[in-house]
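Residue-level structure breakdown
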Amino acid sequence: VHDTEPGCLADPDKCVWNNLKQECTERPCNYVEEAACTGDAVCDWNSGNNSLSYSKGVAMFPFASLTCDEATTTCPGKCGGLVNGAAVSIDSADYIKGKDTLECAECPALGMKTEWSASTGSLVLTSMDGQEKSLTAFAEAMAKVSFKTSSAAGKERSMTWNYGEGVFDARTGHYYRYYSSNTVCQTTGGATTAGCTWEDAKQACAAKAFLGISGYLMTATTDLETEVARGRIAAEGWMGASATNGAWTWSTGPEAGTALNSYENWMTGEPSALNGDGYFFPNGEWGSVAKTSNKAVLGYACEWGSTKGPACTGSVEKVVVNAGACVERKCTEISRTGCVADPYCDWIVNTTTCVQKPCTDVMEELPCNRKEGCHWSPSISPAMCVEEPCAKLKDTPTCNADSNCAWEDGKKMCVEKNCNDLTKCNCVEDTKCFWKAVSGGGGSCVKNSYGQCPTMDVVVLVDGSQSMAQSFGHHPHGFFALMEMLGDWIQSLPLNGEAATVGAASQANTGKVRVSVVQFSGRPQFFSPPNTWSGPIINSVAVTPIGVGTAGRLSGVSGELKSDVDWHESNYLEAGTYIAKGLKRAANIFASSSPVDGRQRVLMIFTDGMIEDAGADKDIMVQARQDLDGLSVQTFGIVVR
């Protein structure tokens, strides 16, 4: 139905643009159901590395075999023990908001009701009569929970089930749950109110217990706990902090009585109350309310757990679900009929065999990259499909036996080595590489273009504005094109190999590089629970959260930086072109990295249009610029079109 190349490329799930014929054609093997896929002569169904797989738009049951095991569980009362609920959740790093859903169509027939949180990717099950039920009953209900997605991204999903009405998070080993204003909250006077006072919320959490652990208003004493809370709650609500005469302490949980000054995450201008209570915003920052205001906040978050880990054995389990996909069968494996029907295969009459056409005969990028032994090369002008010799080596020993190739576990394929991976002898023999010796002996292999690079730290500011969603050159989406380019560039850099947690790079890594990636744009100013943003667009910045890639820091590890690029592709801000917060974050990254003498600091800004910052944001820009100058940062601006 697409008559033009841009329209065809904008529908990549279904369509492929044929440069040779100048027409849009249906993508081969575009099936979402296994039966339809295997019924096509040129297609195969790929279930990944796991018996659990999903396909776009089709419900699957990740815990279908779940039962309570009387022999292994240590929970009170064994499988007959009573509990107030259960939860199923998609790990926050995997969850695709607006695409993924969990539901339980059969739960009402089992006497269970469900509460789905689209903000956090979790489904809580409780009994319809409000009474506690056995572990066996909740296991039976969770076995009926289905997962479905409208995303064609094809990424793995890690999912966890647990007994208890809180949602378990393995990173902290605690349980969390947000209760909104729709939840009836008794005030201390016995009446109900729209929202709850801090004291009401504190009492409500303390009254909630399961599997021998008591609840309390949520606390957050580290960046990790803040990140977990933000992913599991994603709304405004009370937390367990309070103050008397300006002395802020945790008043709930195992941290009760501990001062907040060892870890704080107040928003600008807070805490404003000398005698008050604390609450959190959806972005994880904290606010304060004076006790005399008797303010009712629109929700509260409960936390369960005094030590790290499940409440009892056999009460929590994680499974990984792979993306099932319909893929094109290799030319050598299909019949004559299928071979003739496949535009990228040739039937050889003399030998009665089906072979793959040469890479140079493939005119589109996506089919090229899907074809065995082929790679779309943008370094050639115009870009074209070229042979990838290493991709023909199909197992680890054969691949690693070739000095120019290396087996990549993530892609499960053989790829050409980067210069960084070569020994000195192979580096000297490779015309595209340069052996960079260092004083005192030794050295490293780098691309010729990096042979004279100094030792440096590079922060890349990437424009995440809405206008970056346009087609750029041959690519249908500018932001994704830029992230793909950054991913390739990072792979070729002479990285120093030190992880983001190292902080200050060692002097031993002379001539090598660390990188950080920051996305700048904007977001609406006001948030209304459960997941509504409104108002004018304001400055915002995005970096990878704690537990993903570099967590917004400098890194010299390729794998960490690749995780950053992948995360940004899945978390495109798509708002205005606001850079003030991005410059401020870049200055903070350079300042906190504490590099040793001799490391150059470089800031690269990629944008496609005019910066829209105004008013107070301009003041932030001026201060950030002064901070960057004070840190001797070289800045390069790159405008992309």
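Structure's up top.
Criteria and thresholds
Residues numbered from 1 in each chain as written. Predicted model: local features only at pLDDT ≥ 70, side-chain atom pairs only at ≥ 80, totals over all residues. Heavy atoms only, no water. Helix = DSSP H or I, 4+ residues; strand = E, 2+ residues; numbered from the N terminus. Buried < 20%, exposed > 50% of the residue type's maximum accessible area, 1.4 Å probe, protein only. Contact = heavy atoms within 4.5 Å. Areas by Shrake-Rupley, 256 points an atom, 1.4 Å probe, with all protein chains shown as cover. Expected span 1.5 Å × (residues − 1). 1 Å grid on protein atoms, 1.4 Å probe; cavity = no way out; pocket = protein on both sides within 12 Å on 5 of 7 lines; lining within 4 Å. Points joined across faces, edges and corners; volume = space filled by probe spheres on them. Nonpolar A, V, L, I, M, F, W, Y, C, P; charged D, E, K, R; others polar. Pairing = 2+ DSSP bridges. Right-handed = clockwise from strand over helix to strand, strands pointing away. Core = buried A, V, L, I, M, F, W, Y, C linked by side-chain atoms within 4.5 Å. Disulfide = S-S within 2.5 Å.

**Here's the deal with the overall build of the protein**
Helices and strands together make up the secondary structure of the protein, namely 13 helices and 36 strands. Split into buried and exposed, the 641 residues of the protein put 45% on the buried side. Sequence-distant contacts in the protein: of pairs separated by 6 or more residues, those separated by 24 or more amount to 64%. For the protein, the exposed surface amounts to about 30,100 Å²; the carbon and sulfur share of it is 51%.

**A word on helix H12 (residues 580-593)**
For H12, spanning 14 residues, the distance from its first C-alpha to its last is 20 Å, which sits close to the expected 20 Å at 1.5 Å a residue. For H12, the complete set of buried residues consists of Ala580, Gly582, Leu583, Ala586, Ala587, Ile589, Phe590 and Ser593.

**A word on empty space enclosed by the protein**
Enumeration according to the criterion identifies one cavity of 30 Å³ or more in this entry. Of the voids in this model, the largest cavity is the one considered here, and its volume is about 80 Å³. Surrounding the largest cavity, 13 residues form its lining, Ala229, Arg230, Phe280, Phe281 and Gly284 being those nearest its centre. When residues in the lining of the largest cavity are grouped by element, the largest group, four residues, is from helix H5 (residues 223-233). Residue composition of the lining of the largest cavity, by class: 10 nonpolar, two polar and one charged.

**Regarding the side chain of serine 521**
Checked against the element boundaries, serine 521 lands in strand S33 (residues 513-528). The class for serine 521 is buried, based on a relative accessible area of 0%.

**Here's the deal with the pairing of strand S35 (residues 600-607)**
With seven of eight residues buried, S35 is to be regarded as a mostly interior element. Across seven bridges, strand S32 (residues 456-463) lies against S35 in parallel orientation. Paired with methionine 456 across the bridge in S35 is glutamine 600. Looking at chain direction, S35 and strand S36 (residues 633-639) are connected through seven bridges and run parallel. Looking at S36, one finds that threonine 607 is bridged to valine 639. Regarding the hand of the β-α-β motif, the stretch spanning S35, helix H13 (residues 616-630) and S36 is right-handed.

**Points about the nonpolar core**
One finds Leu102, Met142, Met159, Tyr163, Leu211, Trp238 and Tyr300 to be the most contacted residues of the largest nonpolar core, which totals 51 residues. The element contributing the most residues to this core is helix H3 (residues 135-142), with five residues. Counting 26 residues, the second-largest nonpolar core is a separate cluster that includes Met456, Leu486, Val513 and Val565.

**A short note on the state of the cysteines**
Within this structure, the stated rule accounts for six disulfides. Covalent S-S linkage joins cysteine 68 and cysteine 79, the inter-sulfur distance amounting to 2.1 Å. Note on the cysteine 68 and cysteine 79 pair: the S-S dihedral is about -90 degrees, so by sign convention the disulfide is left-handed. Within this pair, whereas cysteine 68 is found in the loop between strand S4 (53-54) and strand S5 (82-83), its partner cysteine 79 is found in the loop between S4 and S5, the two being separated by 11 residues in sequence. You can call cysteine 79 buried: its relative accessible area is 5%. Each sulfur in the disulfide pair cysteine 205 and cysteine 302 lies 2.0 Å from the other. Sign of the S-S torsion, about -90 degrees for the bond between cysteine 205 and cysteine 302, identifies this disulfide as left-handed.

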